Amino acid sequence: MLERESTVGTHQTGHNSGVIHAGVYYEPGSLKARLCVEGARELYEYCQARGIANEACGKVIVATDASELSRLEELERRGKANGVPGLRRIDGAGIEELEPHARGIAGLHSPGTGIVDFVAVAGALAQDVVEAGGVVASGSGVTGVQVKARALLLTHASGATEAGHAIFCAGAWSDRVAVMAGADPDPRIVPFRGAYLRLVPERRQLVRSLIYPVPDPSLPFLGVHLTKHIDGDVLIGPTALLVAARDAYRLGKVRGEDVLDTLAWPGSWRMFRHWWRTGLSELRHATLRSACVRAAARYVPELGVDDVEPAFAGVRAQALTRDGQLVDDFVFSATERALHVRNAPSPAATSSLAIGRYVAKEAERGFGLEGLP
Ligand SMILES: Cc1cc2nc3c(=O)[nH]c(=O)nc-3n(C[C@H](O)[C@H](O)[C@H](O)COP(=O)(O)OP(=O)(O)OC[C@H]3O[C@@H](n4cnc5c(N)ncnc54)[C@H](O)[C@@H]3O)c2cc1C
């Protein structure tokens, strides 16, 4: 395994909400729906087997006004069709029973949603690779892929490696390595920064577990939510702001190559034309702490700007097609001797074991390895 950074889990896997999603949101029949439900079950089992801290603390999705009820119904329909365990409709009193400080007119309760330390999961998976006889070569960012007659030649920061086949899963850089290997540049990755606030310790009691709004179904993001973290923090966020670097953990970070890649992509301009209003509101969330708090205060009204302090930020690798569609589902593709994970946004951390198995099956088939021990 060739990893660019000095350790695994440095990017999205180490900068997210830490939620084990149960599979409520996703279009029935989609890869996300299937791999999230399977992946969550497997992840709980894996954490149990490997002693990784996790908690099935449950989550409520809260509708605050009548205009959200049909979307809530659709979420319930999707969740049930996807086989989300224990999913049930609750009323305002039911919301308050589970989350005494939340207010809404109706909600969904998913008792199987939970929290985990995804960096610990990634670390345990890397250890599995080593124990199975593999090598995790950190500091080995791949810079070139050459297709030869019987192998791929991967050039990287620590030299070169010849491989019969390769599977590329490079998160925010997945389009670049795919193109190096001869793939179509469509879809391109555009970086959306997701910043979090955290509740000050003396106000953590405002949230017992996980409280989410009803999301806008046309966007691949879940809206500002309140999530208990496995380390005891309660996070508010994330925002969703298009940024100028694929590793913009700092808001002002600019990388010329990343800006150029976004601006030179026809899909970006189509996205700007379609989503400029949402973009402006996200800009407000990202720059004004009070706007982000107000978004969460819609369903936890006691929440005020003095209850929060800044936390960390993650950067979503969001695939965007040439014609301006934000790709919602997981996307896998192939080039000669290689497979590519082209879009693995949330809930891909939850789904990681199921995605791994899916990709392994595709590799067996695509690389002609079926029947080998
Ligand atoms: C703000 C935010 C909140 C989220 N919340 C959740 C959540 O609560 N639950 C959930 O299930 N999912 C969540 N997600 C999504 C989840 O974090 C990602 O789907 C998942 O971590 C993707 O894993 P990955 O391995 O594809 O990408 P990453 O974790 O980004 O890893 C990509 C890896 O590729 C390496 N790499 C890149 N280029 C090269 C190269 N050229 N050569 C070698 N190595 C390279 C990088 O160093 C990195 O280690 C969230 C994401 C964000 C950003």
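Residues numbered from 1 in each chain as written. Predicted model: local features only at pLDDT ≥ 70, side-chain atom pairs only at ≥ 80, totals over all residues. Heavy atoms only, no water.

A. Focus on the pairing of strand β9 (residues 159-163). When strand β8 (residues 152-156) meets β9, the two strands line up antiparallel, connected through 5 bridges. Residue Leu 153 lies in a different strand from β9, and its bridge partner there is Glu 162. Counting the residues between successive antiparallel strands, the hairpin from β8 to β9 contains 2 residues. (Pairing = 2+ DSSP bridges. Helix = DSSP H or I, 4+ residues; strand = E, 2+ residues; numbered from the N terminus.)

B. Geometry of the pattern of salt bridges. Summed over all chains, the structure comprises 29 salt bridges. The partner of Lys 80 in a salt bridge is Glu 76, with the nearest N and O atoms 3.0 Å apart. On the criterion of helical spacing, the pair formed by Lys 80 and Glu 76 is a turn pair, its members being 4 residues apart in helix α2 (residues 69-81). Residue class for Lys 80 comes out partly exposed when judged on its relative accessible area of 47%. For Glu 76, a relative accessible area of 16% puts it in the buried group. In this structure, Arg 176 and Asp 258 form a salt bridge, with 2.6 Å as the shortest nitrogen-oxygen distance. Of this pair, Arg 176 sits in helix α5 (residues 174-180) while Asp 258 sits in helix α6 (residues 256-263), placing them 82 residues apart in sequence. (Salt bridge = Lys/Arg side-chain N within 4 Å of Asp/Glu carboxyl O. Buried < 20%, exposed > 50% of the residue type's maximum accessible area, 1.4 Å probe, protein only.)

C. A look at the nonpolar core. Membership of the largest hydrophobic core comes to 23 residues, with the highest contact counts inside it found for Leu 199, Ile 211, Leu 226, Ile 236 and Leu 303. Top element by residues in this core is helix α8 (residues 289-297). It accounts for 5 residues. With near-sequence residues (within four places) excluded, Leu 226 lies in contact with Val 207, Ser 209, Leu 210, Ile 211, Leu 235, Ile 236, Ala 296, Tyr 299, Val 300 and Leu 303. Counting residues in each nonpolar core, the second largest holds 21 residues, with Val 19, Ala 22, Leu 72 and Leu 210 among its members. (Core = buried A, V, L, I, M, F, W, Y, C linked by side-chain atoms within 4.5 Å. Contact = heavy atoms within 4.5 Å.)

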